[in-house]
Amino acid sequence: MKKVTVVVLLLTISILFGETLLNPFGPALIPVVPIMDGKIPADVKIEIWKNPEEAVARIVSKEVDFAVLPVTVGANLYGKGIRIKLVGVHEWKVFYLVASDDSTFDGWRSLRGQEVYTPHGRGQTVDVLLRYFLSKAGLTPDRDVKILYAPPQEIVALFKSGKVKYAALPEPFVSMCLDRGRVVLDFQKEWGKELGVPGRIPIAGLFVREGVDVEAVEKVEKTLVDSIKWMKENLDETVQLSSEKLGIPAGILKSSLERIEFEYVRVEECREEVATFLKKLNELYPEGLEKVPDEGFYWK
């Protein structure tokens, strides 16, 4: 009898709390704010991760089944044997190179002998892209151009103090720098020109642990789609709610959304685009992506 009671209780808890989706702190928080604040009907709980290792540990331990991750991070994890699958991509434009007002920028080669700051650490999407474009311009990263890492808030503070002249950042941190600098390169447009494709990049998306049932995946996917729709239809309210959670002024966030593109695209509709992105990065900068994921990387 006790066993039956326990089973019923566990099922009740599952129904009440539903699935948990790990989501990064930063711009990717904006499209899930409607879920967090109960603006759409959902039994999906959002929990925040501050570094990919934290998200991976919880997925590997089967504590949670779903996470929003940079596509390059997910691909590298899959290559290391972490059995996760890409369900869809929803973040396409977010990375820009900013330069201080007193700097002279005239293309990638003008960065020779300079320092460029970028968030977190090696292997993050913007780091991989930065190294790729420098290499394509005939520069050797870490020799011709020194790449330094720091938390994005710290980079903004250094930029505003005049201690940093160049930074490769995601929004909304780009917008925070614009009172002391300017956007000199759009990484998405650079990618489009390089490959002759649309000027966007599959930056981040929804990942699921292998073995999760289809119904759960479809539920979380639909919730994310509905949340992004609500965000776009109620932009001012979303900006205000996001401002409170991120500790970033609403004006800055609204400005940043002029350069961010959130659009959920299911993996079957963007698979070729993702595969091309990962294959090209591996081909031209294997240090950033050692292996191109096989078919098992994509949710079916």
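Parameters at a glance
Residues numbered from 1 in each chain as written. Predicted model: local features only at pLDDT ≥ 70, side-chain atom pairs only at ≥ 80, totals over all residues. Heavy atoms only, no water. Salt bridge = Lys/Arg side-chain N within 4 Å of Asp/Glu carboxyl O. Helix = DSSP H or I, 4+ residues; strand = E, 2+ residues; numbered from the N terminus. Buried < 20%, exposed > 50% of the residue type's maximum accessible area, 1.4 Å probe, protein only. Axes fitted to C-alpha atoms, helices over the stretch in contact; angles between N-to-C directions. Parallel < 35°, antiparallel > 145°, perpendicular 65-115°, else oblique. Contact = heavy atoms within 4.5 Å. Domains from an automatic or database assignment. Buried area = accessible area lost by both parts, 1.4 Å probe. Polar contact = N/O pair within 3.5 Å; in protein donor to acceptor, adjacent residues only side chain to side chain. Pairing = 2+ DSSP bridges.

## Section: the pattern of salt bridges
Item 1. Applying the stated criterion to the full structure yields 26 salt bridges.
Item 2. Across the salt bridge formed by Lys222 and Asp226, the nearest N and O atoms sit 2.7 Å from each other. Of this pair, Lys222 and Asp226 both sit in helix 9 (residues 214–233), 4 residues apart, which is roughly one turn of that helix.
Item 3. Overall, the relative accessible area of 26% leaves Asp226 in the partly exposed class.
Item 4. For Asp236, the salt bridge is made with Lys254, and the minimal N-O distance between the two is 2.5 Å. In this pair, Asp236 is assigned in helix 10 (residues 235–246) and Lys254 in helix 11 (residues 250–256), connecting sequence segments 18 residues apart.
Item 5. By relative accessible area, Lys254 is classed as partly exposed at 40%.
Item 6. Counted as one network, the salt bridges with shared partners bring together Lys93, Arg200, Glu261, Glu263 and Glu273.

## Some words on the packing of helix 4 (residues 71–79) against helix 12 (residues 267–284)
Item 1. Where helix 4 meets helix 12, the closest approach of the two axes is 11 Å, and the angle between their N-to-C directions is 70 degrees. With respect to helix 12, the element helix 4 is oriented roughly perpendicular. Where helix 4 approaches helix 12, its residues Val71, Thr72 and Ala75 are matched on the opposing element by Val274, Phe277, Leu278 and Leu281.

## Notes on the domain arrangement of the chain
Item 1. Looking at the chain, the domain boundaries give domain 1 (19–92 + 203–297) and domain 2 (95–195).
Item 2. The distance between the C-alpha centroids of domain 1 and domain 2 comes to 23 Å.
Item 3. The interface is formed by 23 residues belonging to domain 1 together with 25 residues belonging to domain 2.
Item 4. Regarding the contact of domain 1 and domain 2, the summed buried area is about 2,000 Å², with carbon and sulfur atoms giving 72% of it.
Item 5. Sorting the residues of domain 1 by area buried against domain 2 places Ile203, Arg259 and Tyr285 first, and these three jointly supply 30% of that buried surface.
Item 6. Summed over the shared surface of domain 1 and domain 2, the result is 1 salt bridge.
Item 7. Note that Glu171 and Arg259 form a salt bridge whose closest N and O atoms lie 2.5 Å from each other.
Item 8. If you look at where domain 1 meets domain 2, you find 6 residue pairs in polar contact (both at pLDDT 80 or more).

## A few points about the pairing of strand 3 (residues 66–70)
Item 1. Burial analysis of strand 3 places 5 of its 5 residues in the buried class, which makes it a mostly covered element.
Item 2. For strand 1 (residues 19–24) and strand 3, the ladder comprises 2 bridges, and the chain directions are parallel. Across the sheet, residue Leu22 finds its bridge partner in strand 3, namely Ala67.
Item 3. As judged from the 5 bridges shared by strand 3 and strand 10 (residues 204–209), these two strands associate in the antiparallel manner. If you follow Pro70 over to strand 10, its bridge partner there is Ala204.

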